[in-house]
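Residue-level structure breakdown
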Amino acid sequence: MSSIVSGEAGMRRTGGSASAAPIPLGRKPAGGAFQEASGGVSASKKTACIRTFGCQMNVHDSDRMRRMIRDAGYAEVHRYEEADLVVLNTCYVRENAVDRVKGHLGELNRLKREGRVKKVALAGCIGAAGEATELERRYGIDLVLGTHNTYELAEFVGLPGMEETFTPELPGTEGEHAAFVTIMTGCNYVCSYCIVPAVRGRMVCRPMENVVEEVERLVSSGTRYVTLLGQTVDAWREDGRRFCDLLERVAEAAPRVWFTTSHPSNMEDRTLRLIGEKATIVRRLHLPVQSGSDRMLKAMHRGYKSDRYRRKIEVFREAVPDGTLSTDIIVGHPGETEEDHEETLRLVADCAFDAAYVFKFSPRRGTEAASLPGAVPEKVAQRRFMEVLRAVESNALHNNRRKIGSVQEIYVRHGHTGEGKAIGETWSGHAVHVPTGGAEPGRYVTARIEGAGPHVLYAGEPSGPPR
Ligand code: SAH
Ligand code: SF4
Ligand code: F3S
């Protein structure tokens, strides 16, 4: 998780719901039509492949779709060639995300013509964008789902129509060691460059009781790590209750908790202190800054100045001395000068980020920034991108090296790196490669940190058995 990724969608988070415009539904057959289309294949042989692009919101929506598909009797496969139904859950945040999906749609169109894939569904944020209609026609897509009607996939695969109309209320996958829980969808900000509010709609907060109930259900089914999800989770509110109240409740109900993503304008000192106080909260803050220049922050409509961001970080560093800090940065927004860029580099040095997702500005049709003057030439944007990336990496390496020699309790997240090592996470939110001797994801091991790179720590043999 604490990695630095470039331009591509990477592990974007975000939130969403309620697209204002009705979402086109493609040629939606009556319930059960897909099974008929698969031509007498016995229920146990139906296969589906779900491919996810974009942020954790989409990863979570894919979990829900996976559950529907399983309930409808499909076996999940991972290669298009083996799938009767392919669902692409897509991202619209930058143009390169769309280009990738187009490549997949082209391949699927060919496989369909060869009779190897039978149905293709396009879901997620491209599905909620106007461009979906054109893609539907060009690639012969069978079903287009937006971000607010994921549940309609259930009907498409032959399950009874689902009552729910509010996507976050649809349960995700239970029984997994780690689970996402959506606490809010959509976004009420109007950042100049961002298409997310257009495809995910305005903010809708999920009631605290529903969130806590879901967390309790997940924990009793074996989940050991809960991540609260939303585009601006710290904007969550309900009848005078604020995000820190919700986080505190969840941190009491679950053994390990994290949240993403936050907006600096909503981030309260109380929340920052809570991260340091509650033993069950992973001590890692992801707080996207976007730019270090006040002029750019204003043009972006971010609603804060760089000094206010710096002050938040000071509170975090003081309240959570061993915590990790990551951010998002956009280089090459229209009008960005060399001075603005220098300001960003200064902020990167001051905040000593442990990781950053750095993006080159990508104009999105329908956003304010797409029609602003002062486009930054590609070569300049690329140089600035590399400079920011290098500055972040050198900070991260410096911070990580300080961990060498410490003994850490490591949560095992994923099986193996291929070299007999698992990928884990410390309570400070550092990614660690650790030889676990076969410890399952969801267990803890304790080991000494022996090496460090800019993105990951390397641990020695764990002492004692996993717990
Ligand atoms: N809600 C979060 C993140 C939204 S999308 C926030 O407010 O920060 C994830 C990241 O993608 C953003 O933080 C931003 O850095 C980047 N991004 C969004 N639109 C972009 C665009 N048009 N070009 C380049 N990067 C963009
Ligand atoms: Fe996009 Fe801004 Fe909303 Fe984040 S806060 S999703 S960057 S509009
Ligand atoms: Fe996420 Fe991409 Fe949609 S970042 S909210 S999947 S546009």
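Residues numbered from 1 in each chain as written. Chains lettered and ligands numbered in written order. Predicted model: local features only at pLDDT ≥ 70, side-chain atom pairs only at ≥ 80, totals over all residues.

This part takes up the overall build of the chain. Of regular secondary structure, the chain possesses 13 helices and 20 strands. Relative to its 467 residues, the chain shows a buried fraction of 51%. When contacts within the chain are restricted to residue pairs at least 6 apart in sequence, those whose partners lie at least 24 apart make up 76%. (Helix = DSSP H or I, 4+ residues; strand = E, 2+ residues; numbered from the N terminus. Buried ≥ 20, exposed ≤ 12 C-beta atoms within 10 Å, placed from the backbone. Contact = placed C-beta atoms within 7 Å.)

Here we take up unusual backbone geometry. In most cases, non-glycine residues show a negative phi, while peptide bonds are predominantly trans. Cis geometry is adopted by the peptide bond preceding Thr261, which originates at Thr260 and carries an omega value of 5°. In the Ramachandran plot, His301 falls in the positive-phi region, its phi being about 60° despite a non-glycine side chain. Among the residues examined, His301 registers 14 C-beta atoms within 10 Å and is labelled partly exposed. The backbone of Ala352 sits at a positive phi, close to 45°, despite the residue not being glycine.

Attention now goes to the pairing of strand β17 (residues 422–426). Most of β17 sits inside the fold, with four of its five residues counted as buried. Looking at chain direction, strand β16 (residues 407–414) and β17 are connected through four bridges and run antiparallel. Paired with Tyr411 across the bridge in β17 is Glu425. Across four bridges, β17 lies against strand β18 (residues 431–434) in antiparallel orientation. Paired with Ile423 across the bridge in β18 is His433. (Pairing = 2+ DSSP bridges.)

A few words on the sheet that holds strand β12 (residues 257–260). Within the open sheet, the three strands sit side by side as β6-β9-β12. Their pairing is parallel. The open sheet has two edge strands with one neighbour each: β6 (178–182) and β12. Each neighbouring strand pair of the sheet contributes to a mean axis angle of 25°, computed without reference to strand direction. The pairing of β6 with strand β9 (residues 225–229) spans five bridges and is classified as parallel. The residue bridging Thr182 from the neighbouring strand is Leu229, located in β9. Contacting β6, β9 and β12, helix α2 (residues 56–71) runs over the sheet at an angle of about 105° to β6. (Axes fitted to C-alpha atoms, helices over the stretch in contact; angles between N-to-C directions.)

Glancing now at the site of ligand 1. Around ligand 1, the structure places 19 residues, and the nearest of them are Tyr193, Pro288, Asp328, Phe359 and Ser362. Each residue belonging to the shell around ligand 1 can be placed in one class, and the counts come to eight nonpolar, seven polar and four charged. (Near = placed C-beta within 6 Å. Nonpolar A, V, L, I, M, F, W, Y, C, P; charged D, E, K, R; others polar.)

Attention now goes to the sheet that holds strand β13 (residues 284–286). In a beta sheet, neighbouring strands are held together by backbone hydrogen bonds and run either parallel or antiparallel to one another. If you walk across this open sheet you meet the three strands as β13-β14-β15, and the pairing is parallel. Lying at the two open borders of the sheet, with one neighbouring strand each, are β13 and β15 (355–360). Within the sheet, the average angular offset between the axes of one strand and its neighbour, ignoring direction, is 10°. Note: strand β14 (residues 324–331) against β15, six bridges, orientation parallel. In the strand pairing of β15, Asp328 is matched with Tyr357.

The next subject is the nonpolar core. Counting 131 residues, the largest nonpolar core has Tyr92, Ala121, Leu153, Val226 and Val250 as its most contacted members. With six residues, the top contributor of residues to this core is helix α13 (residues 378–401). Residues within four places of Val250 in sequence aside, it is in contact with Val211, Val212, Val215, Val226, Leu228 and Val257. (Core = buried A, V, L, I, M, F, W, Y, C linked by C-beta atoms within 7 Å.)

It is at 8 Å that the axes of helix α9 (residues 269–277) and helix α11 (residues 306–319) come closest, and there the two elements cross at 25°. The angle between α9 and α11 places the two elements in the roughly parallel class. Viewed along their axes, α9 and α11 form a crossing whose handedness is right-handed. Across from Asp269, Leu272, Arg273, Ile275 and Gly276 in α9, the residues of α11 making contact are Lys312, Val315, Phe316 and Ala319. Of the residues contributing to the contact of α9 with α11, the split by class is five nonpolar, one polar and three charged. (Parallel < 35°, antiparallel > 145°, perpendicular 65-115°, else oblique. Left-handed = near helix turned anticlockwise from the far one by under 90°.)

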